[in-house]
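Okay, here's what each chain looks like letter by letter:
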Amino acid sequence: MFNIDMESIDLEKIYDLIVLGGGPAAIGCAIYAARFAMDVLVVGKTFGGLIATTHIVENYPAITSISGQGLMDMFKDHMDSLNIPYISDAIRSIDKVDDHFELHSFFQKFKAYSICISTGTERRKLGVPGEEEFAGRGVSYCATCDGPFFKDKIVCVIGGSDSAAKEALFLAQNTKKVYIIYRGEEIRAEPINKKRVYENDKIEIIYKTKIVEIKGDNTVKSVIFDNGKEFDIDGVFIEIGSTPNSDVAKSIGVETNVKGEIKINRKSETNIPGIFAAGDVADAPFKQAITGVSEGVIAAYSAFDYVKEMNIEY
Amino acid sequence: MSQDDRYKEIIKREMAKLKKPVKLKVFTSQRVQPDGTKIRACMDCGQFMVLLRVYEENSNGMLTIEELSIDDNPEFAKRYDITRVPTILFIDNNGREIIRYLAAPKGGEIQPFIQTIFTFAGMPNYYETTIRQNLDRIPPSTIKIMMTETCPYCPQVIAISNSFAIASEGKIRTVVIDIMANPDIGQYYDAAGVPYTIINDQKTLVGMVGPNEILKALIGGNIRVQY
């Protein structure tokens, strides 16, 4: 449960740390910051982040198997036990003012001595005709959210990543048939998930194929392959990676790489003193919930050091 | 602890923090039998009321749930256009319907439901200032939010939209629809994805949307910001 007591949120004070985001990296950072006795506030557009849409998580140490939503419920409980306030909002710009930062959303202005940007990523779009038109009417980016609409129907998952394999496995539970459509020659899922896909009778992989158009009337009815073939389908689940939500970081001059990921060092520091980053938005090569948490807690520690050196009393 | 017990614990812990009185009306199909006993004709209504009583019983007397039967209160049902049961209504002091639930507040929906009860009770509303500043640019609006129990993003869109409605002095109304319990509504809008947010039956926002995107859709233009 979120800290729903708005009276505990002071919009006038300068927080020691404001964490942007709502995924594991952000919440991990906030939990450690609270335990360092920092005044911390979390502002996120989406509580739970991308992992909340994962139907099953089996690689978070000490938890054998749990749904992504279940895992984030546990994060939420932990956060709540420390009375960390959470606001559902998105920061659009950051300015440096004297010794602190001002963060602007469409609803409020916040102040903080330090910031951890953990804004995650957005699902990448396929960019083909029909994708936008049929979004929510057969085109989906979240199997956990929309899978129940396709009971006993035929769907496809676009992509060859581990996430795509997991989406296909989830969808196969209730649909009639799942096609994985992948442009490469072999899916890149973790071996355990690859094996599950291969062994699942309901899943079939179509390799070396791209989708060039999604067609339908009121809802999706078919897709067109790059070889010109029209393929009847009821639902299209797009799982072709994601792009970092780093625009707000760029607004204050935080350096990013060519992919738009925020460059961080081993202390989760960015090029701007007082601004840290963690999780999928940062430039770490391996993006997992557990690595995001690690970067987040390191960011909390670095922010603690940074604020302490400013001689601000806790 | 089972998931159900965990949810009950959350309701108990959070509802105990409610400090101001709130009254909700719930329409069911309760009927009085010739022998004086009451039964509910609607299959889901019994479980639904059991769930709502958990909220009520843990609120230190601050939450009152008034169960009304559409059969016993036809005029009231007509006035609020109650066409299906169960339906929860948040009605303000001026008799205006602010929020309608065609969904059970269970699972992931517990959090936005409790948050809505608190905001409706008069607790500080984070979005209030900006909504009031832009109120002259918002036409009378209905936000319909299609959700499912398993959707991780739905609770956030619902919490934001309900807060907007409460801040809008009756100008915005939200309708929360469990698309699995009300498949005909989903089919009417061709919705096969959630959250699926419809503004005034004209604009559709698909997937997770933030408060700024909902407000922009309501205004039909840029948000006026004055801190």
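Going along each chain's sequence as written, the residues are numbered from 1 onward. Whichever chain is written first is A, and whichever ligand is written first is 1; the rest continue in order. Local features in this predicted model are restricted to residues whose pLDDT is 70 or higher, and side-chain atom pairs enter the listing and the counts only when it is 80 or higher, whereas totals over whole chains, interfaces and linings include all residues. Only hydrogens and water are removed before side-chain values are computed, so all heavy atoms of the structure are retained for them.

J.: Summarise the sheet that holds strand β6 (residues 97-102) of chain B; cite the residues concerned and give the values.
T.: All names here are of chain B. Two strands pair under a simple rule: DSSP has to find at least two bridges between them. Labels follow the DSSP assignment, with helices taken as runs of H or I lasting at least four residues and strands as runs of E lasting at least two, numbered in each case from the N terminus. Spatially, eight strands are ordered β4-β1-β5-β6-β8-β7-β9-β10 in an open sheet, and the strand pairing comes out mixed. Strands with a single pairing partner mark the edges of an open sheet, and in this sheet they are β4 (63-69) and β10 (203-206). Pairwise comparison of adjacent strand axes, ignoring direction, gives a mean angle of 20° for this sheet. Bridge analysis of strand β1 (residues 22-28) against strand β5 (residues 87-91) gives three bridges, and the strand direction is antiparallel. From the neighbouring strand, Lys 25 faces β5, where its bridge partner is Leu 89. Here a residue-residue contact requires only that any non-hydrogen atoms of the pair lie within 4.5 Å. Helix axes use the C-alpha atoms of the stretch in contact, all axes being lines fitted to C-alpha atoms, and the angles between their N-to-C directions lie in the range 0 to 180 degrees. Where helix α4 (residues 110-120) meets the sheet, its contacts fall on β1, β4, β5 and β6, and the angle it forms with β5 comes to roughly 25°.

J.: Now, about the side chain of A:Lys194: what can you tell me, with residues and values included?
T.: Mapped onto the elements, A:Lys194 comes out in helix α5 (residues 191-199). Accessible area is worked out with a 1.4 Å probe on protein chains only. A residue is then buried under 20% of its type maximum, exposed over 50%, and partly exposed in between. Overall, A:Lys194 belongs to the buried group, its relative accessible area being 19%.

J.: Residue-level account of the environment of A:Val248, with values.
T.: For A:Val248, the location among the structural elements is in helix α6 (residues 247-250). Beyond its immediate chain neighbours, meaning those up to four positions away, A:Val248 contacts A:Leu20, A:Ile91, A:Arg92, A:Ser93 and A:Ile94.

J.: Describe the domain arrangement of chain A, and please don't skip the residues or the numbers.
T.: Residues and elements named next belong to chain A. Delimitation of the domains relies on an automatic or database domain assignment. Segmentation of chain A into domains returns domain 1 (6-122 + 242-309) and domain 2 (125-238). Here domain 1 and domain 2 have C-alpha centroids that lie 32 Å from each other. With six residues of domain 1 at the contact, the number on the domain 2 side is eight residues. What gets called buried area is simply the loss in accessible area from a 1.4 Å probe that two parts show on being joined, summed for both. Both sides together, the interface formed by domain 1 and domain 2 hides about 600 Å², and carbon and sulfur atoms give 46% of it. When the buried area of domain 1 at its contact with domain 2 is split by residue, Thr 53, His 55 and Glu 58 rank highest and sum to 71% of it. Note on definitions: salt bridges are taken to be side-chain nitrogens of Lys or Arg within 4 Å of carboxyl oxygens of Asp or Glu. Applying the counting criterion to the domain 1 and domain 2 interface returns one salt bridge. Any pair of nitrogen or oxygen atoms within 3.5 Å is treated as a polar contact; in protein, a donor-acceptor pairing is required on top of that, and neighbouring residues in sequence qualify only through side-chain atoms on both sides. Inspection of the domain 1/domain 2 interface yields two residue pairs in polar contact (both at pLDDT 80 or more).

J.: An account of the pairing of strand β8 (residues 172-178) of chain B is requested, with residue identities and associated values reported.
T.: Residues and elements named next belong to chain B. Within β8, six of the seven residues are buried, which leaves the element mostly enclosed by the surrounding structure. Pairing geometry for β6 and β8, over four bridges, is parallel. Pairing of Arg 100 across the sheet is with Val 175, part of β8. Of the strand pairs in this sheet, strand β7 (residues 141-147) and β8 are connected by seven bridges, and their pairing is parallel. Among the inter-strand pairings, Ser 141 is bridged to a residue of β8, identified as Ile 172. For the handedness criterion, the strands are oriented away from the viewer, and a crossover whose path from the first strand over the helix to the second runs clockwise is classed as right-handed. Handedness of the crossover is the feature at issue here: the chain leaves β7, passes through helix α6 (residues 154-167), returns alongside β8, and the resulting connection is right-handed.

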